[in-house]
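Commentary on secondary and tertiary structure
For reference, the chains in residue letters:
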Amino acid sequence: MSLSRTVPPGAPATTVRPARTGLIQITVTGVLWGTTGVAVQLLRDSTGLSPVSIGFHRLAIAALVLLACTAGRLGTILAALRAAPVPLLLTGIGLGLYQALYFAAVAWAGVSVATVVSLGLAPVLAATWESVRARRIPGPLRLGTLVAAVAGLALITGATADPSVAAPAPLLGLLAAAGSGLGYAVTTLISRHLSQRTAPMTLTTISTVVGALTLAPFALVAGASVPLRLDTVALLLHLGVVTTAVAYALFYAGLRTTPGSVAAVLTLLEPLTAAALAVALLHEPLPLPVSVGGVLLLTAVVATYLAPDRDDTR
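Sequence positions are assigned chain by chain, starting from 1 and proceeding in written order. Predicted model: local features are reported for residues with pLDDT of at least 70 only, side-chain atom pairs are reported and counted for 80 or more only, and whole-chain, interface and lining totals are derived from all residues. To obtain the side-chain values, all non-hydrogen atoms of the structure were included, while hydrogens and water were left out.

**Concerning the packing of aromatic side chains**
Each aromatic ring pair is characterised by the separation of its centres together with the angle its planes make. Between the rings of Phe, Tyr and Trp (Trp by its six-membered ring), a pair exists once the centres lie within 6.5 Å; its type follows the angle of the planes, with under 30 degrees stacked, over 60 edge-to-face, and the other angles tilted. Within the structure shown, the criterion is met by six aromatic pairs. Here the aromatic rings of Tyr248 and Tyr252 are separated by 5.9 Å at their centres, their planes lie at 40°, and the arrangement is tilted. In this pair, Tyr248 and Tyr252 are both assigned in helix α11 (residues 230–254), four residues apart and thus about one turn of the helix distant. According to the relative accessible area criterion, Tyr248 is buried, its value standing at 4%. When accessible area is computed with a 1.4 Å probe and restricted to protein chains, residues below 20% of their type maximum are described as buried, those above 50% as exposed, and intermediate ones as partly exposed. For Tyr252, a relative accessible area of 2% puts it in the buried group. Members of the aromatic cluster, joined through ring pairs, are Trp33, Tyr248, Phe251 and Tyr252. For the purposes of this entry, the term helix denotes a DSSP run of H or I that reaches at least four residues, the term strand denotes a run of E that reaches at least two, and both are numbered from the N terminus.

**Quick word on the environment of Leu266**
Mapped onto the elements, Leu266 comes out in helix α12 (residues 260–266). When the C-alpha positions of Leu266 and Tyr305 are compared, they lie 10.0 Å apart, and in sequence the two are 39 residues distant. In this description, contact between two residues means that some pair of their heavy atoms is separated by no more than 4.5 Å. Excluding residues that lie within four positions of it along the chain, Leu266 makes contacts with Leu23, Ile26, Thr27, Val301, Thr304 and Tyr305.

**Here's the deal with the environment of Gly120**
Note on placement: Gly120 falls in helix α7 (residues 111–134). Residue Gly120 is classed as buried on the basis of its relative accessible area, which comes to 6%. With 145 residues separating them in the primary sequence, Gly120 and Val265 have C-alpha atoms 8.6 Å apart.

**Some words on the nonpolar core**
In this structure, Tyr184, Tyr248 and Phe251 are the most contacted members of the largest nonpolar core, which totals 51 residues. In terms of residues, this core owes the most to one element, helix α10 (residues 200–222), which gives seven residues. Leu43, Ile54, Ile61 and Leu236 belong to the second largest nonpolar core, which has nine residues in total. By nonpolar core we mean a set of buried residues, namely Ala, Val, Leu, Ile, Met, Phe, Trp, Tyr and Cys, connected to one another through side-chain atoms within 4.5 Å.

**Details of helix α3 (residues 36–47)**
Residue count minus one, scaled by 1.5 Å, sets the expected span of a helix. With 12 residues, α3 extends 16 Å between its outermost C-alpha atoms, agreeing within 8% with the 16 Å of an ideal straight helix rising 1.5 Å per residue. Along α3, the residues that are buried comprise Thr36, Val38, Ala39, Val40 and Leu43. Phi for Gly48, located one or two positions after α3, is positive at around 80°.

As structure tokens, then:
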């Protein structure tokens, strides 16, 4: 497809390439985040660590790696904090809290409710906020993309959840999942604004440091000691370096040219990737709803790629 066919009338051709680059960066982020579930499951089986403690170690390892990588740019990080201390701190706190709330929702209401509500709510809330700010309702393409993505998410999550797992506090779990979705949406929107003037590595470093500090008290209560075995260290390094340091750097870079609501839709590739890995690595069955949900999610992603730079609102 030629660039001239993808550029709206009056828009410069050079705007398309950054838009597509941002979409690719966030798509890769969703795929990398999708490997988290298998790694967390293997860690819990081998160590007995709670999800909150794993989340803390994930952010702490990412923070240490990023601080080492940016050691020569400490002045830049401090300058960014001085320029926008509140949004940067909110991004980091939100990163830690929406993970903690998600883990609580899983424990209280089960994986299905936690995933559908938290991940499904985020793109809807982000799209609503963007429409309110623009004083225009989303157009048919954006609405269709949202519906397809959330429906695909619901099908995948419902089919892969374990029905034998009890939900000891379903109402609290629902509230925690809603809080997680709200936190993810708000953090994404704040990050979108910050990414316009803060380098992705700087933004990722600050948010992971603050996020790790936010989760530290929860991890200490739950128990944070880790057995030093090769498999355990490898899994924790994967979670910290690949699914956090690299993934969030890509996410924040992609947000420079991608609206928050679109980013939230693309990162719904996370549960699709997790389901595919469960089939490939854990030899779990592939139910029909997962296949249908995957098609819906991929359709939403393709629709987004077909119009990367189009403001589909009316």
